[in-house]
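One-letter residues, chain by chain:
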Amino acid sequence: MDYLHHITADQHVILKLPSGNWKIVELKPHTSVSLGKFGAFQVDDIIGYPLGTQFEIYYENQSQPNDDDPKNKNRTPVGKVRIMDEDVGGSTEGSELSNVNSSANNMNLINIGNEIQAMTSEQIEELKRQSISGEEIVAKMIESHSAFHKKTLQSQEKYLNRKKRKFAKYFTVEYLSASFLLQWLLEKGDTQKVLDMSEETVAMLLNVANIRSEGQYLCMDETGGLLVYFMLERMFGGDNNSSHTGKIVVLHENEHANLDLLKYSNYSEKFINDHVKTVSLLDFFEPPNESEIDSYFKPIPKEEARQLKAGKKNAYQRRLKWYYNQHEIVQLSTKSQYDALIIASTLQLSTLVPLLAEKVHGSRPVVCYSQFKEILLELTHTLYTDLRFLAPSISETRVRPYQSVRGKLHPLMTMRGGGGYLMWAHRVIPAPEPPAHETEDEGNGPEEKKQKTQ
Amino acid sequence: MDSSVSPFSYRDIIQEGDLALVWISRDNIKPIIVDANHMFNTRYGSFSHKSMIGKPYGSQIAIRTKGQNRFSFIHVMQPSPELWTLSLPHRTQIVYTPDSSYIMQRLNCNPCSTVIEAGTGSGSFSHAFARTVGHLYSYEFHSVRYEQALKEFKDHGLPNVTLTHRDVCSDGFTIKRNDPTSYLFQDDAAQATINANAVFLDLPAPWDAVPLLDQVIARDQKVGVCCFSPCIEQVDKTIEALEKCGWTEIQMVEIQGKQWESRRQMVRTLDDALERLRDVRRRKEEGIERRKQMYDAVLKDDEADGEKSERPQPPKTKFNPFGKGTRVREGDVNYQWKQVTKVEPEIKSHTSFLTFAFKIMDKSRIC
Ligand SMILES: C[S@@+](CC[C@H](N)C(=O)[O-])C[C@H]1O[C@@H](n2cnc3c(N)ncnc32)[C@H](O)[C@@H]1O
């Protein structure tokens with residue numbers, strides 16, 4: 001399963017750029033990928049390296065092609081790549097600064113504008129044209145920066161990072177995990193498309209819903225397939241050859257389910273067809289009648305089917321597909337008990353959940369995501385009065401990121417707000433009230449009759 | 001119970017010998033081994049295991065308590081790692097679901113993962129890992145805790161967990177023949193091939209264990225590590241060790257998990273409040289008026305008969321829109337309510353800092 005750990009042709013990967021931005025690309029062999037101002041590289045040059053590798057783009061001997069073709073004028077020249085051993089752009093190590101003096105405090109800190117930066121922008125551009133790596137440009141700039149040593153170590157680091165980001169031509173090739181896909185969408189401004197869901201909230205969802213590779217799950221996903229991708233990754237880890245039997249039944253309110261984002265996944269079409277079934281809400285609640293299906297169509301023996309003429313054969317295949325599909329719908333909507341109900345939908349949950357939960361096995365979780373706490377509040381009030389739900393509660397999970405530099409650990413000044421909420425309950429099976437010994441007396445039990453003051 | 005089936009895999013019917021969780025209330029969940037000869041006792045009454053056997057998991061079991069004849073019940077749940085975390089016997093501090101779920105996601109845990117965990121502690125996180133990953137190598141240096149976890153993992157049917165008795169900070173993670181471990185050696189192998197691609201360190205000095213990871217992590221893949229430490233000084237030392245050992249993308253975060261319960265607050269309008277005040281004033285005036293009449297009568301007519309001399313009673317409250325002076329249950333249908341949320345009375349404001357880092361040891365190309 002090389003494609004899980006190594007960069008493979010025809011695979012979707014996500015690239016992390018020096019700017020901190022992300023880019024999803026499909027690695028078509030013998031083509032090049034342009035990263036705009038960060039350069040361009042040849043796909044074939046990165047195939048075979050471990051996923052997670054950071055590459056630097058460099059240009060040998062004035063290799064900027066002085067192409068006369070006007071079409072190529074705005075095209076980023078394709079450079080060569082080499083592996084970077086030090087991670088840049090993540091955390092900063094103080095070591096690279098050890099050969100430069102720094103003032104211990106910022107007493108001498110002055111505005112380092114262009115006057116102090118002795119190199120002109122032309123000189124820098126020239127350096128960039130010469131095959132020089134971003135690191136080297138920055139090193140030259142420090143040399144010529146007359147006031148660099150007057151800065152505190154901290155501001156030197158900040159300066160360095162800023163410059164490095166500006167001139168660096170490097171990128172990291174990452175496995176396109178569900179978390180990265182989410183991050184990419186958020187960065188792109190598609191927050192609303194994924195219902196403002198955060199990584200920590202969906203992580204909590206996967207655990208409290210007890211998602212595992214053998215489960216049969218009933219799901220509604222209004223995030224364009226992101227939730228389903230998170231579930232698939234948790235269940236199968238991207239492995240197209242997985243022998244696990246888990247299945248996700250996705251209910252949808254439109255004619256077709258929108259699982260668009262799965263196009264970025266590296267699961268084969270066959271794999272997705274085997275493990276993800278889509279059924280419309282109407283088919284689910286008003287499934288076709290089995291004898292009716294059979295009255296419309298009956299498969300003929302394989303031998304006979306094989307002997308059908310070309311035109312007829314196609315028509316037959318289509319009807320056969322329809323036939324199996326109808327029977328599958330009957331199976332999924334009337335004969336299956338599910339191992340969890342997982343909903344991320346803006347349909348009214350207080351009417352939807354009690355109906356869908358009928359199909360959930362006892363002791364299995366019911367988990368709903370909403371961007372708004374109030375929606376889940378209404379839902380929990382409804383579920384409290386329904387004895388089939390045990391202890392519905394609302395949870396909120398937030399990650400607080402820190403500046404992760406030794407000696408300077410502190411929470412970041414800003415972080416993303418939002419991230420949504422979860423409702424978590426268990427499907428249970430109410431017992432009939434036991435007969436009274438003597439007189440009727442509504443009393444309190446360990447968990448008093450539902451709908452006490454809660 | 002069929003010993004080849006883990007009590008943690010999906011099961012439908014409560015059977016003799018099963019590990020089941022009895023849900024009394026949200027903060028009172030008790031593990032039991034189902035035994036037809038046993039009773040489960042609560043202060044509200046006794047529930048026979050016999051009454052559970054044969055019923056589907058999730059069933060409510062109800063009784064009338066003898067003495068007071070009250071309706072009392074429990075739910076019998078199938079264990080899941082998350083419910084286990086809420087009910088397990090604590091041998092140490094444990095990792096709770098808001099933290100463990102995030103760590104699993106950041107380390108991209110799935111059936112293709114091989115995970116190292118040290119120390120095992122109470123096995124809370126081990127159960128969540130075991131549900132999800134291909135194989136878990138867990139290490140514990142405290143011998144009593146090691147023995148307890150060994151038995152527990154066996155009873156819980158977790159074949160994908162290897163437990164080793166080891167001080168990982170001094171002796172590392174390599175598992176050799178004759179080491180105290182549950183690892184099953186192939187015929188001729190001298191040591192276990194681990195090749196972990198995710199590592200979780202929940203021990204006081206992770207910086208001592210970090211340098212020893214290179215021998216057991218996968219060489220040609222991106223490997224993730226998470227160190228779980230309550231103090232910021234520990235984080236600082238951990239980052240130092242991680243940097244020295246070539247780990248990159250170091251990031252520390254903290255998780256805040258909150259639970260909300262849904263409640264109701266009575267809708268009490270200004271109009272009703274005013275109307276009530278008017279009502280009180282009216283009653284008062286009526287009372288004064290009546291008293292005046294009485295005194296007048298007494299003073300004017302000394303030969304008043306007995307009936308007339310009785311003290312007048314103020315009229316009973318007529319308008320009581322908020323049920324003042326009576327016990328109103330939250331949600332009483334005779335009143336109007338607004339649905340509200342209330343955060344739990346005590347929240348976990350700090351569990352630990354999570355320091356993540358990643359590393360690829362061998363970046364050479366394969367063909
Ligand atoms: C806080 S507990 C771990 C709790 C566990 N993560 C859970 O969720 O239940 C820490 C455990 O690490 C063990 N430990 C500490 N130092 C160790 C070492 N050097 N090698 C192995 N185990 C160690 C302790 O004995 C203790 O049981």
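Being a predicted model, the structure only gives us computed values, none of them experimental.

> Tell me what's going on with the site of the ligand, and back it up with residues and numbers.
Residue and element names in this part refer to chain B. E140, R145, D167, V168 and D202 are the nearest of the 22 residues found near the ligand. In the environment of the ligand, an oxygen atom lies 3.1 Å from a nitrogen or oxygen atom belonging to the backbone of S122. One of the side-chain nitrogen or oxygen atoms of R145 is found 2.6 Å away from an oxygen atom of the ligand. Isolated, the ligand exposes 600 Å² of accessible area, and the fraction of that covered by the protein chains is 92%. Of all the elements in the fold, those that place two or more residues in the shell around the ligand are helix 3 (124–132) and helix 5 (168–171). Each residue belonging to the shell around the ligand can be placed in one class, and the counts come to 8 nonpolar, 9 polar and 5 charged.

> Explain the UniProt feature "binding site: S-adenosyl-L-methionine" (unreviewed entry) in chain B residue by residue, including any values.
Residue and element names in this part refer to chain B. Here, UniProt's "binding site: S-adenosyl-L-methionine" (unreviewed entry) annotation points to E140, D167 and D202. These annotated residues cover 63 residues of sequence, but their C-alpha atoms sit close together, with the largest distance between any two at 12.8 Å. Its place among the elements puts E140 in strand 8 (residues 135–140). As for its position among the elements, D202 is in the loop between strand 10 (198–201) and helix 6 (206–209). Excluding residues that lie within four positions of it along the chain, D202 makes contacts with V95, A118, G119 and F228.

> Describe the domain arrangement of chain B, and please don't skip the residues or the numbers.
Residues and elements named next belong to chain B. If you check the domain split of chain B, you get domain 1 (13–79) and domain 2 (82–252 + 354–359). Between the C-alpha centres of domain 1 and domain 2 there is a distance of 35 Å. With 7 residues of domain 1 in contact, the opposing surface of domain 2 contributes 5 residues. Carbon and sulfur atoms make up 83% of the area that domain 1 and domain 2 hide from each other, which totals about 550 Å². It is L19, L21 and I29 in domain 1 that bury the most area against domain 2; as a group they hold 57% of the surface buried on that side. Where domain 1 meets domain 2, there are 0 residue pairs in polar contact (both at pLDDT 80 or more).

> Run through the pattern of salt bridges, naming residues and quoting values.
As enumerated under the stated definition, the model contains 34 salt bridges over all chains in all. Here A:D260 makes a salt bridge to A:K263, at a shortest N to O gap of 3.9 Å. Between B:E140 and B:R145 there is a salt bridge, with the nearest N and O atoms lying 3.9 Å from each other. Take B:E140: its relative accessible area is 5%, and that puts it in the buried class.

The rules behind each value
Residues numbered from 1 in each chain as written. Chains lettered and ligands numbered in written order. Predicted model: local features only at pLDDT ≥ 70, side-chain atom pairs only at ≥ 80, totals over all residues. Heavy atoms only, no water. Near = heavy atom within 4 Å. Polar contact = N/O pair within 3.5 Å; in protein donor to acceptor, adjacent residues only side chain to side chain. Areas by Shrake-Rupley, 256 points an atom, 1.4 Å probe, with all protein chains shown as cover. Helix = DSSP H or I, 4+ residues; strand = E, 2+ residues; numbered from the N terminus. Nonpolar A, V, L, I, M, F, W, Y, C, P; charged D, E, K, R; others polar. UniProt positions renumbered as here; feature names shortened; annotations may be inferred. Contact = heavy atoms within 4.5 Å. Domains from an automatic or database assignment. Buried area = accessible area lost by both parts, 1.4 Å probe. Salt bridge = Lys/Arg side-chain N within 4 Å of Asp/Glu carboxyl O. Buried < 20%, exposed > 50% of the residue type's maximum accessible area, 1.4 Å probe, protein only.

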